[in-house]
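What the coordinates show
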Amino acid sequence: MGKILEIAARNLLRYRRRTLLTSLLVVIGIAAVLLFVAITGSFKALMIGQITDSMLGHLQVHRRGYVASIESLPLNLNMPPQMAAQAVKALDGNPDVEAYAPRIKFGAMFSNFTETTSVRVNGVDPERENLVTPLLAGRQLDGERGGALVKRGQILVPVLVARGLQVKAGDTVVLVTTNKDGSVNGKTFVIRGTLESATGPGGRDGYIHIEDARELLRMTEPEVTEFAVRIKRQEQAERVTAVLVDELAGVKNKQGGPALEVHPWQRLTPFANIANMIDVLTLAIKVMLVSIVLVAIMNVMVMAVYERIREIGTIAAIGTPPRRILALFLIEGLLLGVLGSAVGTAVSLAGIYALNVWRISYSFGQQEGLLLAPVIGVQDVVSIAGMVIVVAVLASLQPAWKASRMDPITALRHV
Amino acid sequence: MSLVSAVQLAKTYRAGDVDVPAVRGVDFAIEPGSFVAFVGPSGSGKSTLLNMIGCLDKPSSGRLTVLDTDVATLDRRAGAEFRGRHIGFIFQDFNLIPVLTAYENIEYPLMMVQNWPQARRREQVMGLLSAVGMADQAAKRPDQLSGGQKQRVAVARALVANSKLVLADEPTANLDHDTAYRIIGLMRKMRDELKTTFVFSTHDPKIMREAEVTFMLEDGRLAQNSGSAHHG
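Rules of the game
- Residues numbered from 1 in each chain as written.
- Chains lettered and ligands numbered in written order.
- Predicted model: local features only at pLDDT ≥ 70, side-chain atom pairs only at ≥ 80, totals over all residues.
- Helix = DSSP H or I, 4+ residues; strand = E, 2+ residues; numbered from the N terminus.
- Rg over C-alpha atoms; globule rule 2.2 N^0.38 Å.
- Buried ≥ 20, exposed ≤ 12 C-beta atoms within 10 Å, placed from the backbone.
- Contact = placed C-beta atoms within 7 Å.
- Nonpolar A, V, L, I, M, F, W, Y, C, P; charged D, E, K, R; others polar.
- Core = buried A, V, L, I, M, F, W, Y, C linked by C-beta atoms within 7 Å.
- Axes fitted to C-alpha atoms, helices over the stretch in contact; angles between N-to-C directions.
- Parallel < 35°, antiparallel > 145°, perpendicular 65-115°, else oblique.
- pLDDT = per-residue confidence, 0-100.
- Expected span 1.5 Å × (residues − 1).
- Arc of directions from axis to C-beta.

Quick word on the overall build of chain A
Counting secondary structure elements, chain A contains 12 helices and 11 strands. Radius of gyration (C-alpha) of chain A: 31 Å, far over the 22 Å computed for a compact globule of 415 residues. By principal-axis analysis of the C-alpha atoms, chain A measures approximately 100 × 50 × 30 Å. By the burial criterion, 43% of the 415 residues in chain A qualify as buried.

Remarks on the overall build of chain B
The number of helices and strands found in chain B is seven helices and 11 strands. The C-alpha radius of gyration computed for chain B amounts to 17 Å, which stays within 12% of the reference 17 Å derived for 232 residues, consistent with globular compactness. For the C-alpha atoms alone, the extent of chain B along its principal axes is close to 50 × 40 × 40 Å. Residues counted as buried form 48% of the 232 residues belonging to chain B.

Thoughts on the interface of chain A and chain B
Contacts between the two partners involve 18 residues from chain A, matched on the other side by 17 residues from chain B. Only α1 (2-14), α9 (309-317), α10 (322-358) and α12 (408-413) of chain A provide two or more residues apiece to the side of chain A that touches chain B. Within the side of chain A that touches chain B, the residues separate by chemical class into eight nonpolar, four polar and six charged.

Looking at the nonpolar core
Within the largest apolar cluster, 120 residues are counted, with the highest numbers of intra-cluster contacts made by Ile30 and Val388 of chain A together with Ala156 of chain B. Every residue in contact with Ile30 of chain A, bar those within four places of it in the chain, is listed here: Leu289, Gly340, Ser341, Gly344, Thr345, Ser348, Ile384, Ala385 and Val388 of chain A. In terms of nonpolar packing, the next biggest core, distinct from the first, is built from 63 residues, Leu59, Leu216, Trp265 and Phe271 of chain A among them.

Notes on the environment of Leu216 of chain A
Residues and elements named next belong to chain A. As for its position among the elements, Leu216 is in helix α6 (residues 210-216). A tally of 22 C-beta atoms within 10 Å means that Leu216 is categorised as buried. Counting along the chain gives 105 residues from Leu216 to Ser111, while the straight-line C-alpha distance between them is 15 Å. Apart from residues lying up to four places away in sequence, Leu216 is in contact with Leu175, Thr177, Asn185 and Lys187.

With respect to unusual backbone geometry
With a phi angle near 45°, Leu73 of chain A is a residue other than glycine that sits in the positive phi range. By the element assignment, Leu73 of chain A lies in the loop between β1 (59-63) and α3 (81-93). Backbone geometry at Asn115 of chain B places phi at a positive 55°, although glycine is not the residue there. Along the chain, Asn115 of chain B falls in the loop between α3 (102-113) and α4 (118-131). When the 8 C-beta atoms within 10 Å are taken as the criterion, Asn115 of chain B is described as exposed.

A look at the environment of Val280 of chain A
Residue and element names in this part refer to chain A. Checked against the element boundaries, Val280 lands in helix α8 (residues 271-307). Taking the C-beta count within 10 Å as the criterion, Val280 has 10 such neighbours and is therefore assigned exposed. For the pair Val280 and Leu56, spaced 224 residues apart in the sequence, the C-alpha separation amounts to 24 Å.

Comments concerning helix α1 (residues 46-53) of chain B
Residue and element names in this part refer to chain B. Where burial is concerned, most of α1 is hidden: eight out of the eight residues are buried. For α1, every residue scored as buried is listed here: Lys46, Ser47, Thr48, Leu49, Leu50, Asn51, Met52 and Ile53. In the stretch just after α1, Cys55 is the one whose phi turns positive, near 60°.

Some remarks on the packing of helix α2 (residues 16-56) of chain A against α8 of chain A
Residues and elements named next belong to chain A. Across the interface, α2 lies against α8 with an axial gap of 10 Å and an inter-helix angle of 170°. In this view, α2 runs roughly antiparallel relative to α8, as classed from their interaxial angle. Considering only residue class, the contact of α2 with α8 consists of 19 nonpolar, four polar and three charged.

Remarks on the confidence of the model for chain B
Atomic detail in the predicted coordinates should be set aside for any region of low pLDDT. Residues and elements named next belong to chain B. Mean pLDDT for chain B: 91, with 97% of residues reaching 70 or above. Within chain B, the element-level pLDDT minimum falls on strand β11 (residues 230-231), averaging 42, and the maximum on strand β4 (residues 61-66), averaging 95. ipTM for the predicted complex: 0.90, alongside a pTM of 0.77.

Description of α4 of chain B
Residues and elements named next belong to chain B. Between its first and last C-alpha, α4 extends 20 Å over 14 residues, near the 20 Å set by a 1.5 Å rise per residue. Within α4, burial applies to Arg121, Gln124, Val125, Leu128 and Leu129. Buried residues of α4, viewed axially, fall in a sector of 135°; they line one side. For α4, exposure combined with an orientation more than 90 degrees from the buried face picks out Ala119, Arg120 and Glu123. Taken from the residues just after α4, Gly133 is the one with a positive phi, measuring 75°.

Written as structure tokens, this is what we have:
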């Protein structure tokens, strides 16, 4: 086997320029794909992290029908305490759940006493919310920092609302809202700070303490609009959702159907579509890479067989078994694939390192200064390099097969 | 027992709609250890006969046995195995593998066909390199060798697997006269030392005279023979 490898390598070196050009094509292809996967993967991970860790959590539990009418923030679809307790029991019992936080969501009028605008408000348990959305505190641009995310009587105001109404940290404002019975109530708050906008639903919400929310909404019992849940492995959101759906299936509504529903983050934000599009683009780029490798290596191997017909005739005449002739040419293709993959991977890793050293920043929506930090996993490198090597061998198969089946007399007569 | 035996051996090629007879019902036998030449002008059927003896081609009719094996019964794989085990080839254009050194070219059949262990290969190859006078050229590649040196390497390659029969199709056609004589002399010397049967084709009357047994071919038929071989 070692000698066959050596002979194959020497045959490749026989046509140095052609081997170099073909390898270069494979190198450029694999480097481009790995860089693309690293950059888009970094962008995707960053955006998913932003969305889940500063707003949504990895999944959410709602009363059935709430998500379908989420735009109107319906208060009549809050979970009553008994239902919320059953959700808590399921969440406490699930080993994949790292933390969860209850929220009350509602729409309110936000006033600086001279101007008014509408705002979506989240009533949160500051300590639990910190565990579920650890990046939320980092979105606070000014004002009082440290300690609880928000204290009783304080509000975190979305920066666009603060700018529009020209209010700042320390100012007193008022929230006016209508509860589910139609009763209007108002409460003054001190602005703790302004919150940077984030991409996706909830990216321009205000935050108050959950007890203030209950007081403002005149709740007679501690209702919950949603539980935001953080799980141990974000990529398992769909699986954990399915498990929780099963576990909560016993909580019935008056019609005897499930009273609660669970949604992973992908179902709660349109960014999931962008993430899917990135995956489709990545697949398309991989298909292009496969095509490039296939055509390039098949071309070079067809040429190699054509140029060595007499040589093939000679080795066949002296008794070389067809399978060994097949192996000789397959190994040439394999070596081209391995060489291209190795150099391409090295180039792409160097490129990824350089991009991390240069610390390139970019904007996405209203978010600025996002840092491009491409990373590539061993699994991606191995799967893409492996795919290229397999395709290289497959591309050599037809020419190698042709060589192994060649009639020695015809081959020896070839001019 | 003859090493090669042909009875009413014929080969016809099809060129479009026309049948072209290359060998027309020849009978001959070649004894072990003989030094045989098939002689005749271009197109007389010499190469076709050698190809059939070498199991590279199959007869259209008649019977051809080589080492007691009916070559018509060998399929592609069995034919390759039979050639690798029993027959060595020397070609007009030397046909050495350009990426291999002289040593590696000779070693090739032992490594790629016979799977000999390395130590045994080395001993066999070095012995043959010395026997053909190429020991000092072992590390050179074919493009660094003269025509005569290449053919010496080819002779060694044909003999390296202890072949019982060596077939050489016009082995001296691309060599100058002196070199051609030396190559024929080398082949004869190897025959004497190893008792291997050599069968070669030529159209050169001077080279022809070096053979112990000569078969004259004309238009696919045996015209006459000389020496001790049988002619039907």
